[in-house]
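# Tertiary structure, described
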Amino acid sequence: MTFNPGSQLDPGQVTDRRGMGAGGVAIGGGGAIGIILLLAYTLLGGNPSDLGPILEPGAVTGPGSSAIATDCKTGQDANERDDCRILGYVNSIQKYWSEEFTASSETYQPVDTVLFSGATSSGCGSASAATGPFYCPVDKLVYLDLDFFQELRSRFGAQGGSLAQGYVVAHEYGHHVQDLLNLLQSGGGGQTGAESQSVRTELQADCFAGVWANHAAATGFLEPFTDAQIADGLDAAAAVGDDRIQQSTQGQVDPDSWTHGSSDQRQKWFKTGYQTGDPSKCDTFNGGI
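Residue positions within a chain follow its written sequence, with the count starting from 1. Where totals are concerned, whole chains, interfaces and linings use all residues; where local detail is concerned, this predicted model gives features only for residues with pLDDT of at least 70, and gives and counts side-chain atom pairs only at 80 or more. Only hydrogens and water are set aside when side-chain values are computed; all heavy atoms of the structure are taken into account.

### Notes on the overall build of the protein chain
To qualify as a helix, a DSSP run of H or I must reach at least 4 residues; to qualify as a strand, a run of E must reach at least 2; elements of each kind are numbered from the N terminus. Check the secondary structure of the protein chain and you find 10 helices and six strands. Summed over its atoms, the accessible surface of the protein chain is roughly 11,300 Å², and 49% of this surface lies on carbon and sulfur atoms. Each accessible area is a Shrake-Rupley result for a 1.4 Å probe, and residues are judged covered by the shown protein chains and nothing else.

See the structure below:
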């Protein structure tokens, strides 16, 4: 098991919008190919508002359901259900960062994760399964469709596993940490390319995810990770490398268009965070990456 069975989950940190209706998002220009390219552009941290007219309005929204509040109460529930597991990771991640900020005489501001199915609205535009998980700095929420994890396995060859899910969630909360520390706009340089600001921002979020993994057991929600579980996290990081996604979707690799970093870079920075457990070691904006 990954979660301590007796740990108490806080359902107030997840908003459940699944099953709120049958509406959706129109993906302009290219049908299935357009969806693949959109997925490749926005996987794991991309901001759908950057894509402008590619995402058209019409997403479903609505009040959160009570399913998580009634069904996800303990770590045992997190060991048995994907939605409860996401809640458990959110609880653990935010507990770690809250304590880390306090130790640095800073104040961490908790934010919710929005679970949805099909499509929903966000402060950064419409969100759909095709956009992948993302953090929206406008409304300060993390958005996630659980179907993404099947996509991660089937389309991009990730092995799956519990910590693969934890890595994804921790990466998005890494962006929230960057937002609180005014780091989302740091680094300078262009928005695409192997040395770009975008890549450096994403790699720092990977490193922050690794830092949380180092401290996860200390939050009380999780048991210490095994080597196999850490391998799941590293595998997920590799699966969403720009080079691997481009090779899969386009048949060739173009470093000048990278926005998130290569598979090797993403694994390197997750591992840096995990091995050091020190957020100060996650400076991807100075020097080589």
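Having seen the structure, we can now continue with the description.
### A closer look at the pattern of salt bridges
Here a salt bridge means any side-chain nitrogen of Lys or Arg lying within 4 Å of a carboxyl oxygen belonging to Asp or Glu. In this structure the tally under the stated criterion is eight salt bridges. Residues Asp16 and Arg18 are paired through a salt bridge, measuring 2.7 Å at the closest nitrogen-oxygen approach. With a relative accessible area of 2%, Asp16 lands in the buried category. Salt bridges sharing common partners tie together Asp16, Arg18, Asp71, Arg81 and Asp83. Each residue is assigned to one of three classes by its accessible area relative to the maximum for its type, calculated with a 1.4 Å probe on protein chains only: buried under 20%, partly exposed between the two thresholds, exposed over 50%.

### Considering the state of the cysteines
Simply put, disulfide is the name for a covalent bond between the sulfur atoms of two cysteines. The disulfide criterion is simple: two cysteine sulfur atoms within 2.5 Å. Per the stated rule, a full pass over the model turns up three disulfides. What pairs with Cys124 in a disulfide is Cys136, and their sulfur atoms sit 2.1 Å apart. For the disulfide bridge between Cys124 and Cys136, the dihedral angle about the S-S bond is near 95°, and by the sign convention the bridge is right-handed. Here Cys124 is found in the loop between β3 (119-122) and β4 (125-128), whereas its partner Cys136 is found in strand β5 (residues 134-136), with 12 residues between them in sequence. The residues Cys124 and Cys136 share a single accessibility class, namely buried. Here Cys207 engages in a disulfide with Cys282; their sulfurs sit 2.0 Å apart. Where Cys207 bonds to Cys282 through sulfur, the torsion about that S-S bond is close to -70°, and the disulfide is left-handed. Pair noted here: Cys207 is in helix α7 (residues 197-215) and Cys282 is in the segment after α10 (263-276), with a separation of 75 residues, a long-range link.

### Concerning empty space enclosed by the protein
Residues are called lining when one of their atoms sits within 4 Å of a cavity or pocket point, these points coming from a 1 Å grid over the protein atoms alone, where a cavity is a set in which a 1.4 Å probe fits but cannot get out and a pocket is an open set with protein on both sides within 12 Å along at least five of seven lines. Grid points are joined across faces, edges and corners, and a volume is the space filled by probe spheres set on the points. Enumeration according to the criterion identifies two cavities of 30 Å³ or more in this entry. Here the second largest cavity is characterised by a volume of approximately 30 Å³. Lining the second largest cavity, in full, are Phe116, Ser128, Ala129, Thr131, Gly132, Pro133, Tyr143, Leu144, Asp145 and Phe148. Of the residues assigned to the lining of the second largest cavity, the class counts are six nonpolar, three polar and one charged. Any residue outside Ala, Val, Leu, Ile, Met, Phe, Trp, Tyr, Cys, Pro, Asp, Glu, Lys and Arg is labelled polar, Gly included; the first ten of those are nonpolar and the last four are charged.

### Things to note about the packing of α7 against α10
Structural elements are reduced to axes, namely lines fitted to C-alpha atoms, with helices fitted over the stretch in contact, and the angle between N-to-C directions of any two is expressed from 0 to 180 degrees. Close contact between α7 and α10 brings their axes to 6 Å; oriented N to C, the two are set at 35°. Helix-helix and strand crossings are classified by hand; for α7 and α10 the assignment is right-handed. Contacts from Val199, Glu202, Leu203, Asp206, Cys207, Ala209, Gly210, Val211, Ala213 and Asn214 in α7 reach Gln265, Arg266, Trp269, Phe270, Thr272, Gly273, Tyr274, Gln275 and Thr276 in α10. Residue composition of the contact of α7 with α10, grouped by class: nine nonpolar, seven polar and three charged. Definitions for this section: a left-handed crossing has its near helix turned counterclockwise from the far helix by less than a right angle. A right-handed crossing has that turn clockwise. We call two residues contacting when some pair of their heavy atoms lies within 4.5 Å.

### Description of the pairing of β3
Two strands are counted as paired when DSSP detects at least two bridges linking them. Both β3 and β4 contribute to a ladder of four bridges, which runs antiparallel. Each residue of the ladder has a partner; that of Ala119, found in β4, is Ser128. If you look at the hairpin formed by β3 and β4, you'll find two residues sitting between the two strands.

### Looking at the environment of Pro137
On the secondary structure map, Pro137 appears in the loop between β5 and β6 (141-144). Looking at Pro137, the relative accessible area reads 29%, which means it is partly exposed. For the pair Pro137 and Leu180, spaced 43 residues apart in sequence, the C-alpha separation works out to 9.6 Å.

### Quick notes on the packing of helix α8 (residues 227-239) against α10
Their axes nearest at 7 Å, the elements α8 and α10 cross at an angle of 145°. When the axes of α8 and α10 are compared, the crossing they make is right-handed. Of α10, the residues touching α8 (which contributes Ile230, Gly233, Leu234, Asp235, Ala237 and Ala238) are Ser263, Arg266, Gln267, Phe270, Lys271 and Tyr274. Along the lines of polarity and charge, the residues of the contact of α8 with α10 split into six nonpolar, three polar and three charged.

### A look at the packing of aromatic side chains
Classification of ring pairs rests on two measures: the distance between centres of Phe, Tyr or Trp rings, Trp counted by its six-membered ring, which must be within 6.5 Å, and the angle between planes, read as stacked under 30 degrees, edge-to-face over 60 and tilted in between. A complete count under the given rule lists 10 aromatic pairs for this structure. Ring geometry for Trp97 and Phe208: centres 5.3 Å apart, planes at 70°, overall edge-to-face. Here Trp97, found in helix α4 (residues 82-103), pairs with Phe208, found in helix α7; they are 111 residues apart in sequence, far enough to count as distant. What makes Phe208 buried here is its relative accessible area of 3%. Ring geometry for Phe101 against Tyr108: centres 5.5 Å apart, planes inclined by 75°, an arrangement best described as edge-to-face. Using a relative accessible area of 7% as the deciding quantity, one classes Tyr108 as buried. Through a chain of ring-to-ring contacts, the aromatic side chains of Tyr96, Trp97, Phe101, Tyr108 and Phe208 assemble into a single cluster.

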